[in-house]
Amino acid sequence: MSEVTCPHCQKAFSLSDAGYADIVRQVRNQQFADELAERMAAAEKEKRSAVELAEANIRQALREEVVQKDQELATLKAQNQATLAEQLARKDREIADAKALLKEAEMTRKLQVSEAVQAVERERDELKHKLQSKDTEAELIEKRLQHELTVQLAAKDEIIKSREAELIRQRDLKQKLSTKMLGETLEQHCQIEFEKLRSTAFRNAVFEKDNDASTGSKGDFIFKEEDENKNEIVSIMFEMKNEADETKTKKRNEDFFKELDKDRTEKGCEYAVLVSLLESDNELYNQGIVDVSHRYPKMYVVRPQFFIPIITLLRNAAMNSLQYKAELARVQNQNVDIRNFEEKMLEFKEGFGRNYRIASEHFEKAVGEIDKTIDHLEKTKKALLASANQLRLANDKAEDLSIKRLTQGNPTMKAKFDAIKDAD
């Protein structure tokens, strides 16, 4: 038995050990419930703060990384655009300078022609003036002119005789040669002209017979030239045509255009040139280099004397365009680098977005687990609150405990309490 003092009336009374232990347990349960409620509230607050802080940190980090990548991309694009613009501007300046030089050269040529014409006109006027001022010398001049004319006529007769002899010799030679041999003679002429300049003007070029008839036809010669890096500068398919004066069926230049274009295409040449002595009375072809690209692409017709000039013309044009081709290739490579960078940037963004989605899913899953834990703790909290309510009711009953109630219906205990009261 344990003696307990009532906190209200200050009277002592005895309780069994079981009753005392029950009252102590009720008091401890109340304290535990209070502490648990406080800790649950603190845990809830810390959880909300941690979740909000984690979300804010993740969002801030993502924003900063995306802004940094956008800045890097904008910087690279600006650098590439500035470089390309500068190069194009430099090329424009070079073209403008070349045009200015051409214009200046044209003006100089016109000025020289004008000066030459003026000089001839002055000389003619001076001569006319002298003739008019020397009427007294007219007879002597006339005699002198007649003498000179006689000498010139005699010389002319000699020249005519020489020319007639040469024509007879050429006619006899043509009669002895077949049409194919005439063509070969023209080919030999062109080959000799090329060999004269090979060592000086065409060191990296070849001018060879087209002996490949695997496609069913072949041209006469192929000209090709490469730079020091073995890059092709220009390639030309040549066809040489001539015919004897006595040939009954006269061929025209255009009769060979289609076959020449076919040979050019099959042999992979850039240009096609017909070196021709056909249509000797045609003023169009007699003017020199004739562009027939309106009929077939990149095709020209020339007389033999323009064989070397057409090679030089096409080769120089190709040399000029080679620089622009190289520049264009470099710019295209830059564009490819930009596209590759953009593709890698897109891959990064897609991968980043995928990782962000996965992280978000894990984050949401973790938050869900936390919510489940919170829900479980809420249920535990409710159970504990229910226990606390029961403890409160028990405590109320304990506080309402009195000697009268304890001895009610128990005469033995009533008698003992009454004896203690009488003794006092």
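Preceding block: the structure.
Read on for a plain summary of the structure. Every residue gets a number counted from 1 within its own chain, in the order that chain's sequence is written. Residue-level local features of this predicted model are given only where pLDDT is at least 70; pairs of side-chain atoms are given and counted only at 80 or more, and the full residue set underlies all totals for whole chains, interfaces and linings. Based on all heavy atoms of the structure, the side-chain values leave hydrogens and waters out of the count.

## Focus: the overall build of the protein
At step 1: We count a stretch as a helix when DSSP gives it H or I for four or more residues in a row; a strand needs E for two or more, and each element gets its number in order from the N terminus. Across its full length, the protein carries eight helices and eight strands.
At step 2: When accessible area is computed with a 1.4 Å probe and restricted to protein chains, residues below 20% of their type maximum are described as buried, those above 50% as exposed, and intermediate ones as partly exposed. The proportion of buried residues among the 424 residues of the protein is 21%.
At step 3: Any pair of residues with heavy atoms lying within 4.5 Å of one another is described as a contacting pair. The long-range fraction of contacts in the protein, counting pairs at least 24 apart against all pairs at least 6 apart in sequence, stands at 59%.
At step 4: Note that accessible areas follow from Shrake-Rupley with a 1.4 Å probe, and for residues the cover is restricted to the protein chains shown. Here the protein displays about 31,000 Å² of accessible surface, and carbon together with sulfur accounts for 54% of that area.

## A short note on the nonpolar core
At step 1: Throughout, nonpolar core names a set of buried Ala, Val, Leu, Ile, Met, Phe, Trp, Tyr and Cys residues whose side chains join them through atoms within 4.5 Å. One finds Phe223, Ile236, Phe238, Met240, Val273 and Phe307 to be the most contacted residues of the largest nonpolar core, which totals 24 residues.
At step 2: The set of elements that each furnish at least two residues to this core consists of helix H3 (179-201), strand E3 (205-209), strand E4 (221-226), strand E5 (232-241), strand E6 (271-276), strand E8 (299-302) and helix H6 (307-399).
At step 3: The element best represented in this core is H6, accounting for six residues.
At step 4: In contact with Phe223, other than residues within four places in its own chain, are Phe194, Phe202, Ala205, Val206, Phe207, Val234, Ser235, Ile236, Phe238 and Ile311.

## Observations regarding the sheet that holds strand E7 (residues 290-291)
At step 1: Only strands joined by at least two bridges in the DSSP assignment are considered to pair. Pairing within the open sheet is mixed, and its six strands lie in the order E3-E4-E5-E6-E8-E7. For this open sheet the edge positions go to E3 and E7, each flanked by a neighbour on one side alone.
At step 2: Strand direction decides the pairing type here: E7 and E8, joined by two bridges, are antiparallel. For Asp291, the partnering residue across the bridge sits in E8 and is Tyr300.

## Notes on the side chain of Glu239
At step 1: Of note, Glu239 is situated in strand E5.
At step 2: N or O atoms closer than or at 3.5 Å make up a polar contact, with two conditions inside protein: a donor-capable atom paired with an acceptor-capable one, and, for residues adjacent in sequence, both atoms drawn from side chains. A polar atom in the side chain of Glu239 sits 3.3 Å from the side chain of Lys241.
At step 3: In contact with Glu239, not counting residues within four places along its chain, are Lys218, Gly219, Asp220, Leu260, Val273, Leu274 and Val275.

## A short note on the pairing of E5
At step 1: In terms of burial, E5 is a largely internal element, eight of the ten residues being buried.
At step 2: Two strands pair when backbone bridges link them, and E4 and E5 are joined in this way by six bridges, in the antiparallel orientation. Within E5, the residue paired with Ile222 across the bridge is Met237.
At step 3: Hairpin connection between E4 and E5: a loop of five residues separates the two successive antiparallel strands, and Lys230 in this loop has a positive phi of roughly 65°.

## Observations concerning unusual backbone geometry
At step 1: If you check the backbone angles, Glu279 has positive phi at about 50° while not being a glycine.
At step 2: Mapping Glu279 onto the fold places it in the loop between E6 and helix H5 (283-286).
At step 3: For Glu279, a relative accessible area of 24% puts it in the partly exposed group.
At step 4: For Lys298, which is not glycine, the phi dihedral falls at a positive 55°.
At step 5: As for its placement among the helices and strands, Lys298 is situated in the loop between E7 and E8.

## Side note on the pattern of salt bridges
At step 1: Salt bridges are identified by distance alone: a Lys or Arg side-chain nitrogen within 4 Å of an Asp or Glu carboxyl oxygen. Within the structure shown, the criterion is met by twelve salt bridges.
At step 2: Between Lys196 and Glu193 there is a salt bridge, with its nearest N and O atoms 3.2 Å apart. Of this pair, Lys196 and Glu193 both sit in helix H3, separated by three residues, roughly a single helical turn.
At step 3: Overall, the relative accessible area of 24% leaves Glu193 in the partly exposed class.

## A word on the packing of aromatic side chains
At step 1: By convention, a stacked pair of Phe, Tyr or Trp rings (six-membered ring in the case of Trp) has centres within 6.5 Å and planes under 30 degrees apart, an edge-to-face pair has planes over 60 apart, and any other such pair is tilted. A full pass over the atoms with the stated rule returns ten aromatic pairs.
At step 2: Summarising the aromatic geometry, the rings of Phe257 and Tyr296 are spaced 6.5 Å apart at their centres and angled 75° between planes, so their arrangement reads as edge-to-face. Here Phe257 is found in helix H4 (residues 257-266), whereas its partner Tyr296 is found in the loop between E7 and E8, with 39 residues between them in sequence.
At step 3: Since its relative accessible area comes to 1%, Phe257 is described here as buried.
At step 4: Feature note: the residues Phe194, Phe202, Phe207, Phe221, Phe223, Phe238 and Phe307 constitute an aromatic cluster, connected by ring pairs.

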